[in-house]
Amino acid sequence: MVRISFIIPLYNCLPLTQAMLSSLRATLPAELAYEIIWIDDGSTDGTRDWLAALQDPAFRVLLNERNLGYAISNNRAAAVARGEFLVLLNNDLVLQPGWLDPMLEAHAQLGDRAGLIGNVQLDARTGAVDHAGLVIGITGKPIHARELPPERLRRTQSSWPVPAVTGACLLIARSLWQQLGGFDEAYLNGGEDIDLCFRARAAGRINVVALRSVVRHHVSSSPGRKARDEENSYRLARKWHREFLAAADYGVRAWCRECLAAAWREPQSEDFEAVLTAAAFLGGLRRTWPRAALIGVETGMARELARWKEMFSQ
């Protein structure tokens, strides 16, 4: 029985793909029953010739007749997958020893509550943390968390709950993928992973980052990766506006920090009550979000929605 189906969509960048495969082979447990499903999305750089020459019974190759995008490619591959788990991998990853087991362990710990399992991703060029989950920022938009939880928590917790994780490297039970219907193909090369995570949350699942799983990532190396960011963000915000605000703890904390910083710079410019409640919240003396902070995040999201509406009405 196949335990894991690794799904790797490709669009050019052959040298990165070859390096990723080397790192994948070097880091998989010897006893693991797996398959690797390659799906090429119209590459023109020799990737298809390279795929045709691969000789490995664990490999399966799918070819799109033309460039269809990330969501459709992953959905096509997942539809033929046989594994208990799907592991989505970008072709520009450099996988590090021991990256897989912590993700499986995080899923096992959550049991029936498990949603999508992500991990810590370092920028391959700089070594800086590029992803420790996706959180809702001060303008009510999903952003990459680029700071790890405090060390005292990392010593006792192997996983960290987050609103969403990136599709660059994630693990999901195939049964849950099928239940959720896979990626929404209305998104084009962005936003589909966040949408899937919020659908998992709506189904009562918990998304987490496996803190002891670390990979390196050549961030956004695929051609055209960012071309549709504004449209994808607008679609996400229209669909998940309320849910984004309900998950905006990170953004609320960022607002509180900015409030205190502004009060320090200009003591007479800030509302005393807002400053006091912000300090109490950040200091752990208050558990509920300060109303002014929530209004601040809502206002930021309203501005973004208005900007997108104007942009796409032209």
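Structure: above.
Computed from a predicted model, the values in this text were never measured in an experiment.

A. Quick look at the side chain of Thr17. Inspection of the secondary structure assignment puts Thr17 in helix 1 (residues 14-27). Since its relative accessible area comes to 0%, Thr17 is described here as buried. In terms of polar contacts, Thr17 uses its side chain to reach the side chain of Asn91, at 2.8 Å.

B. Examining the packing of helix 9 (residues 249-265) against helix 11 (residues 291-313) more closely. Two numbers describe how helix 9 lies on helix 11: the axes approach to 9 Å, and their chain directions differ by 110°. Judged on the interaxial angle alone, helix 11 and helix 9 are roughly perpendicular. Taken together, the residues of helix 11 that come into contact with helix 9 (itself represented by Gly251, Val252, Trp255 and Cys256) are Ala292, Ala293, Gly296 and Val297. Looking at side-chain class alone, the contact of helix 9 with helix 11 contains six nonpolar, two polar and no charged residues.

C. Region of interest: the packing of aromatic side chains. By the definition in use, this model includes 10 aromatic pairs. Each ring, one from Phe6 and one from Trp99, has its centre 6.3 Å from the other, and the planes form 55°; the classification is tilted. Highlighted residues: Phe6 in strand 1 (residues 4-10) and Trp99 in the loop between strand 5 (93-95) and helix 4 (100-110), separated in sequence by 93 residues. Of the two residues examined, Phe6 and Trp99, each falls in the buried class. When the centroid spacing of 5.7 Å and the interplanar angle of 40° are considered together, the rings of Phe198 and Trp240 count as tilted. Of this pair, Phe198 sits in helix 7 (residues 192-202) while Trp240 sits in helix 8 (residues 229-246), and the two are 42 residues apart along the sequence. An identical accessibility class is assigned to Phe198 and Trp240; each is buried.

D. Summary view of the nonpolar core. Formed by 89 residues in total, the largest nonpolar core has its most connected members in Phe6, Leu24, Trp38, Leu89, Trp99 and Leu100. A per-element tally of this core places helix 8 first, with six residues. Sequence-distant contacts of Leu24, defined by excluding residues within four places in its chain, comprise Phe6, Ile8, Ile36, Leu89, Leu95 and Trp99.

E. A look at unusual backbone geometry. Unlike most non-glycine residues, Cys13 shows phi in positive territory, near 60°. For Cys13, the location among the structural elements is in the loop between strand 1 and helix 1. Positive phi values are uncommon outside glycine, yet Asn189 reaches one of about 60°. Relative to the elements of secondary structure, Asn189 occurs in the loop between helix 6 (174-180) and helix 7.

F. Highlighting helix 4. Within the sequence span of helix 4, burial applies to Leu100, Pro102, Met103, Leu104, Ala106, His107 and Leu110. Where the residues of helix 4 are buried, they touch strand 1, strand 4 (85-89), strand 6 (114-123), strand 10 (159-161), strand 11 (169-173) and strand 12 (206-217). Gly111 sits one or two positions beyond helix 4 and adopts a positive phi of about 60°.

G. Representation of the environment of Pro149 within the structure. Note that Pro149 resides in the loop between strand 9 (142-144) and helix 5 (151-154). Here the alpha-carbon distance between Pro149 and Cys256, two residues 107 residues apart in the chain, equals 18 Å. Discounting chain neighbours no more than four positions away, the residues touching Pro149 are Arg154, Trp160 and Leu211.

H. Examining the side chain of Asp130 more closely. Looking at where Asp130 falls in the secondary structure, it is placed in strand 7 (residues 129-131). Other than its neighbours up to four places away in sequence, Asp130 contacts Gln121, Leu122, Asp123, His144, Ala145, Arg146 and Val219.

I. Just the pairing of strand 2 (residues 34-40), in detail. Counted residue by residue, strand 2 has six buried out of seven residues, so it is predominantly covered. Relative to strand 2, strand 1 is paired through seven bridges, and the arrangement is parallel. Bridged to Ser5 within strand 2 is Glu35. As a crossover connection, the stretch from strand 1 through helix 1 into strand 2 is right-handed. With five bridges joining them, strand 2 and strand 3 (residues 59-63) adopt parallel strand pairing. Its bridge partner lying in strand 3, Asp40 is registered against Leu63. Following the backbone out of strand 2, through helix 2 (residues 47-53) and into the adjacent parallel strand 3, one traces a crossover that is right-handed.

Conventions adopted
Residues numbered from 1 in each chain as written. Predicted model: local features only at pLDDT ≥ 70, side-chain atom pairs only at ≥ 80, totals over all residues. Heavy atoms only, no water. Helix = DSSP H or I, 4+ residues; strand = E, 2+ residues; numbered from the N terminus. Buried < 20%, exposed > 50% of the residue type's maximum accessible area, 1.4 Å probe, protein only. Polar contact = N/O pair within 3.5 Å; in protein donor to acceptor, adjacent residues only side chain to side chain. Axes fitted to C-alpha atoms, helices over the stretch in contact; angles between N-to-C directions. Parallel < 35°, antiparallel > 145°, perpendicular 65-115°, else oblique. Contact = heavy atoms within 4.5 Å. Nonpolar A, V, L, I, M, F, W, Y, C, P; charged D, E, K, R; others polar. Phe/Tyr/Trp six-rings, centres within 6.5 Å; stacked < 30°, edge-to-face > 60°. Core = buried A, V, L, I, M, F, W, Y, C linked by side-chain atoms within 4.5 Å. Pairing = 2+ DSSP bridges. Right-handed = clockwise from strand over helix to strand, strands pointing away.

In short, the description is geometric, and any link to function would need to be established separately.
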